[in-house]
Amino acid sequence: MIIVGAGLAGAASAYHLRAAGRDVCVLHDNDLRRSASQIGGGLVNPMMARKGRPAWMAAESLAALESMGINTNQPLPGRDAPLYRPAGDITQADSFREQAAAHPELGRFRETVDSLDFVHAPFGILEVRRGAALDLQETASAWLHGIGVHAIDPAWKVEESGDAVSLSTSGGTFRGKRLLLCMGAGMLAHPLTRTLNLHGIKGQIIRLEKPTALPDHLPPLSGKAYLVDAGDGSVWVGSTFERNWESMDPTDAGRDALLHRAASVIPMLKNARVLEQRTAQRVTVPGTRLPMVGPLHPDSKIWVMTGLGSKGMLYSALFGSRIPVFFNNPEAIPAFCRVVHRSAES
Ligand SMILES: Cc1cc2nc3c(=O)[nH]c(=O)nc-3n(C[C@H](O)[C@H](O)[C@H](O)COP(=O)(O)OP(=O)(O)OC[C@H]3O[C@@H](n4cnc5c(N)ncnc54)[C@H](O)[C@@H]3O)c2cc1C
């Protein structure tokens with residue numbers, strides 16, 4: 001089995017295919033700037049939307065994610081600390097209250113949390129149980145532990161013949177029964193996948209020096225910005241959503257917006273020093289905003305798994321855990337997650 005892409009999608013698929021007894025080899029073009037999984041700190045947040053409604057298949061995604069953390073002997077950092085969402089206004093507080101009442105296994109609403117006196121939360125806080133903060137790339141690397149991962153020249157070619165697929169690069173040829181493409185934003189430009197109904201959204205994230213007056217370890221927070229303690233005296237602040245952009249470089253406007261939003265969650269971050277900035281593209285499926293998985297064309301041995309959007313952690317685990325089942329039975333793929341080409345939309 002050949003997988004192209006060593007981000008969350010490729011890593012989670014490789015993890016589960018190997019657990020199902022398949023020989024797996026992961027190839028990637030080593031272009032760190034293109035990989036969304038290199039963005040830094042991120043959240044696992046099953047109650048992410050503005051209203052705090054549970055993500056689609058939230059419980060199943062969390063179960064898949066947690067089983068992977070335990071099996072790789074890498075318990076999820078922050079796993080025992082809940083994630084907190086300070087409400088931005090009365091309307092959002094009402095929605096949070098409603099969702100927490102409807103889904104007590106996922107969250108509870110609290111008017112105040114004493115240990116969070118440094119957080120600006122005049123409207124109350126949604127405590128998201130089983131939310132977590134982690135480094136996306138460290139997680140992908142942990143899932144790839146013990147699996148052959150090779151950097152390849154980006155100019156590779158694929159041939160399907162009989163019951164095998166061959167992928168040729170300047171460094172040699174890889175053969176497998178199936179090829180799974182998990183190339184994130186690389187899908188948008190690659191000749192094999194550029195007709196897929198996918199859309200890229202640029203996002204910027206910054207890392208701030210943490211003021212010494214803040215606790216040694218901040219819990220994961222999600223307000224107008226999300227905040228993830230990097231564990232080294234700094235804090236990740238994400239993220240911008242840009243539908244149009246001229247360059248993938250970080251911008252001053254993005255940095256200033258993130259600083260402003262970080263200070264709206266923790267006022268002490270107002271003048272914090274910016275240590276680092278990164279950008280990447282989230283790939284989403286317009287209309288569903290759910291992942292896309294399946295054969296590139298009916299009966300093809302070339303498959304795709306992409307469109308994780310902003311829920312890379314939850315959906316890489318969920319869809320990675322289902323990939324061995326989908327390979328045996330493509331009918332098991334939910335209809336709204338199947339492959340759609342733009343040219344075939346009409
Ligand atoms: C700013 C920002 C903040 C985010 N925050 C969060 C968060 O808090 N929580 C969360 O769950 N998700 C978050 N996400 C989303 C998450 O990062 C993505 O959903 C996830 O990382 C996508 O993983 P992927 O494996 O599909 O793609 P990628 O991580 O982009 O991996 C693609 C892989 O394919 C390889 N590749 C690409 N093209 C080629 C090619 N032509 N040939 C060979 N290899 C190729 C790349 O080198 C890479 O290894 C965020 C995204 C952004 C941009």
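The structure displayed is predicted, hence computed values, not measured ones.

### A few points about the domain arrangement of the protein
- Partitioning the protein into domains gives domain 1 (2–39 + 139–198 + 287–344) and domain 2 (80–130 + 200–282).
- One C-alpha centre belongs to domain 1, the other to domain 2; they are set 30 Å apart.
- Listed by partner, the interface residues are nine residues for domain 1 and seven residues for domain 2.
- The class makeup of the residues in the side of domain 1 that touches domain 2 is four nonpolar, four polar and one charged.

### Some remarks on the site of the ligand
- Surveying the vicinity of the ligand reveals 39 residues, the closest of which are Gly-7, Gly-184, Gly-186, Gly-203 and Gly-312.
- Of all the elements in the fold, those that place two or more residues in the shell around the ligand are helix 1 (8–19), strand 3 (41–44), strand 13 (199–209), strand 17 (274–284) and helix 6 (312–328).
- The leading source of residues in the shell around the ligand is helix 1, at three residues.
- Here the shell around the ligand is composed, by residue class, of 17 nonpolar, 17 polar and five charged.

### Notes on the sheet that holds strand 10 (residues 164–169)
- With antiparallel pairing, the three strands of this open sheet are ordered in space as 9-10-11. Since the sheet does not close on itself, it has two edges, and those belong to strand 9 (157–161) and strand 11 (172–176), each with one partner. Here the average twist between neighbouring strands, direction ignored, is 20°.
- As paired elements, strand 10 and strand 11 share five bridges and run antiparallel to each other. Of the residues in strand 11, the one forming a bridge with Val-165 is Gly-176.

### Description of helix 5 (residues 252–265)
- With 14 residues, helix 5 should reach 20 Å at 1.5 Å per residue; the first-to-last C-alpha distance of 20 Å fits that figure.
- If you check which residues of helix 5 are buried, you get Gly-254, Leu-258, Ala-262 and Val-265. End-on view of helix 5: buried residues confined to an arc of 65°, all on one side of the axis. Exposed residues on helix 5 whose side chains face more than 90 degrees from its buried face are Asp-252, Ala-253 and Asp-256.
- Check the buried side of helix 5 and you find it contacts strand 4 (83–86), strand 13, strand 14 (221–222), strand 15 (226–229) and strand 16 (234–238).

What counts and what doesn't
Residues numbered from 1 in each chain as written. Predicted model: local features only at pLDDT ≥ 70, side-chain atom pairs only at ≥ 80, totals over all residues. Domains from an automatic or database assignment. Contact = placed C-beta atoms within 7 Å. Nonpolar A, V, L, I, M, F, W, Y, C, P; charged D, E, K, R; others polar. Near = placed C-beta within 6 Å. Helix = DSSP H or I, 4+ residues; strand = E, 2+ residues; numbered from the N terminus. Pairing = 2+ DSSP bridges. Axes fitted to C-alpha atoms, helices over the stretch in contact; angles between N-to-C directions. Expected span 1.5 Å × (residues − 1). Buried ≥ 20, exposed ≤ 12 C-beta atoms within 10 Å, placed from the backbone. Arc of directions from axis to C-beta.

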